[in-house]
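Residue-level structure breakdown
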Amino acid sequence: MTDVTGVPATADVLRTLFHSDQGGHEQVVICQDRASGLKAVIALHSTALGPALGGTRFYPYASEEEAVADALNLSRGMSYKNAMAGLDHGGGKAVVIGDPDRIKSEELLLAYGRFVASLGGRYVTACDVGTYVADMDVVARECRWTTGRSPENGGAGDSSVLTAFGVFQGMRASAQHLWGDPTLRGRKVGVAGVGKVGRHLVEHLLSDGAEVVVTDVREESVRGITALHPQVAVAADTDALIRTEGLDIYAPCALGGALNDESVAVLTARVVCGAANNQLAHPGVEKDIADRGILYAPDYVVNAGGVIQVADELHGFDFDRCKAKAAKIFDTTLSIFARAKADGIPPAAAADRIAEQRMADARRR
């Protein structure tokens with residue numbers, strides 16, 4: 001195996017693949033197309049439940065090793081997410097290395113589509129950070145195992161709508177579990193990241209009567225929210241947001257790793273429930289969260305609305321059917337909290353046990 005530069009893979013990468021907690025993957029594919037500048041990693045964590053399903057992240061990673069690690073983490077998370085969502089799909093993820101604003105092109109996306117197609121249906125791709133519906137329309141020209149396409153091209157369109165709806169259901173379940181009422185009315189909710197998913201989540205929160213505070217590294221995203229909703233408060237950055245006095249719920253909706261030793265120690269919220277993938281920076285953080293009396297709604301459970309949508313697209317998309325499935329995230333989240341209490345473990349560990357059991361049962365069939 002070589003990395004995307006053509007240099008032999010390091011022992012650290014192989015250790016990650018075969019021996020670490022990140023490992024256990026069935027297949028990792030390194031992709032390079034010199035003509036278009038494509039450098040990508042496709043990671044298939046599990047196909048026990050069916051073809052691996054997960055998005056394509058386009059991001060300017062600091063190194064190839066960082067890109068590989070992200071692909072491994074994200075694909076593993078998709079296995080658990082798809083299992084908990086009740087889908088007949090395993091987990092996979094792809095990352096494209098580079099700044100999408102600088103190097104994304106039709107030629108590059110077509111080359112990427114050919115690599116996905118070469119897997120023969122073992123991996124079904126969709127949108128993620130840095131990729132959009134229009135990009136999937138291009139990829140689909142070379143690969144029929146592509147979802148998240150536009151309605152004009154036989155797809156379901158923007159999956160962020162149902163992702164946000166699912167996160168909102170997770171918040172409602174958290175409120176029910178902690179305060180005995182599923183409404184967010186009168187609760188102060190901090191949303192870190194108001195891009196594709198976060199902006200829809202803000203709409204749900206305001207409609208339900210919540211007080212909302214937002215932050216985003218992109219000033220234009222914040223301006224877009226406050227222009228529509230002047231009542232929304234703005235925090236200078238994520239560090240300021242998590243320290244906000246009187247915060248009831250913190251919703252990380254940007255990149256992963258939001259819950260680390262430093263942030264958990266100063267977090268004022270009673271609940272963490274957001275759309276970002278891989279929010280736990282390292283194993284053990286979930287216990288620190290629980291020890292502080294903070295209720296954590298597992299990210300891959302509550303943010304499954306989008307994957308429910310793109311999976312449905314493979315069978316003929318029906319929005320009402322998908323929304324009904326995404327609404328069940330409320331009940332699933334409550335069941336995880338109940339399992340955690342019964343087993344005396346954090347909710348993240350309870351969700352893992354349920355997902356792992358479903359995958360193990362599938363392997364035995």
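All residue numbers refer to positions counted from 1 along the written sequence of the respective chain. Only residues with pLDDT of at least 70 are given local features in this predicted model, and only at 80 or more are side-chain atom pairs given and counted; all residues enter the totals for whole chains, interfaces and linings. Water and hydrogen atoms play no part in the side-chain values, which are based on all heavy atoms of the structure.

A word on the pattern of salt bridges
Salt bridges are identified by distance alone: a Lys or Arg side-chain nitrogen within 4 Å of an Asp or Glu carboxyl oxygen. Under the definition given, this model contains 19 salt bridges. Here Arg 218 ties to Asp 216 by a salt bridge, and the two come within 2.9 Å at their closest N and O atoms. Here Arg 321 makes a salt bridge to Asp 312, at a shortest N to O gap of 2.9 Å. Whether a residue is buried, partly exposed or exposed follows from its accessible area with a 1.4 Å probe, protein chains only, as a fraction of its type maximum: under 20%, in between, or over 50%, in that order. Residue class for Arg 321 comes out partly exposed when judged on its relative accessible area of 37%. We classify Asp 312 as buried; its relative accessible area is 5%.

A word on the sheet that holds strand β6 (residues 188–192)
For two strands to be treated as a pair, DSSP must find at least two bridges joining them. Think of it this way: any DSSP run of H or I at least four residues long counts as a helix, any run of E at least two long counts as a strand, and we number them from the N terminus. Strand order in this open sheet of 6 strands is β8-β7-β6-β9-β10-β11, and the pairing throughout is parallel. The open sheet has two edge strands, β8 (233–234) and β11 (295–296), and neither has a second partner. Where β6 and strand β7 (residues 211–215) come together, 5 bridges link them in parallel fashion. Bridge pairing links Gly 190 to Val 213 in β7. Residues count as neighbours in contact if any of their non-hydrogen atoms are within 4.5 Å of one another. For helices, the fitted line uses only the C-alpha atoms of the stretch in contact; every axis is such a line through C-alpha atoms, and the angle between N-to-C directions lies from 0 to 180 degrees. Against the sheet, helix α7 (residues 198–207) makes contact with β6, β7 and β9 (249–252), and its axis sits at roughly 170° relative to β6, the strand it touches most.

What to know about helix α4 (residues 106–117)
Along an α-helix, residues three or four apart share an orientation, since each turn contains 3.6 residues. Any helix carries an expected span of 1.5 Å times its number of residues minus one. Between its terminal C-alpha atoms α4 stretches 16 Å, which fits the 16 Å expected from 12 residues at 1.5 Å a residue. Listed as buried for α4 are Leu 108, Leu 109, Leu 110, Ala 111, Tyr 112, Gly 113 and Val 116.

Some words on the packing of aromatic side chains
A pair of Phe, Tyr and Trp rings is counted when the ring centres sit within 6.5 Å of each other, with Trp represented by its six-membered ring. The angle between the planes then sorts it: under 30 degrees is stacked, over 60 is edge-to-face, the rest tilted. For the structure on display, the rule yields 3 aromatic pairs. Taking 5.1 Å as the distance between ring centres and 70° as the angle between the ring planes, the aromatic pair formed by Tyr 59 and Tyr 61 counts as edge-to-face. A relative accessible area of 28% places Tyr 59 in the partly exposed class. Geometrically, the ring pair formed by Tyr 80 and Tyr 300 is edge-to-face, given 5.7 Å between the ring centres and 65° between the ring planes. With Tyr 80 in helix α2 (residues 64–84) and Tyr 300 in helix α12 (residues 299–302), the pair connects residues that are 220 residues apart, well separated along the chain. You'll find Tyr 80 and Tyr 300 in the same group, each marked buried.

A look at the nonpolar core
In this structure, Ile 42, Met 171, Val 191, Leu 201 and Leu 205 are the most contacted members of the largest nonpolar core, which totals 63 residues. For this core, the leading source of residues is α4, giving 6 residues. For Met 171, the residues in contact, after removing those within four places along its chain, are Leu 184, Val 189, Leu 201, Leu 205, Ile 249, Ala 251 and Cys 273. Nonpolar cores were defined as sets of buried Ala, Val, Leu, Ile, Met, Phe, Trp, Tyr and Cys residues, with membership established by side-chain atoms within 4.5 Å. Counting 18 residues, the second largest nonpolar core, distinct from the first, contains Val 264, Val 272, Val 285 and Ile 289.

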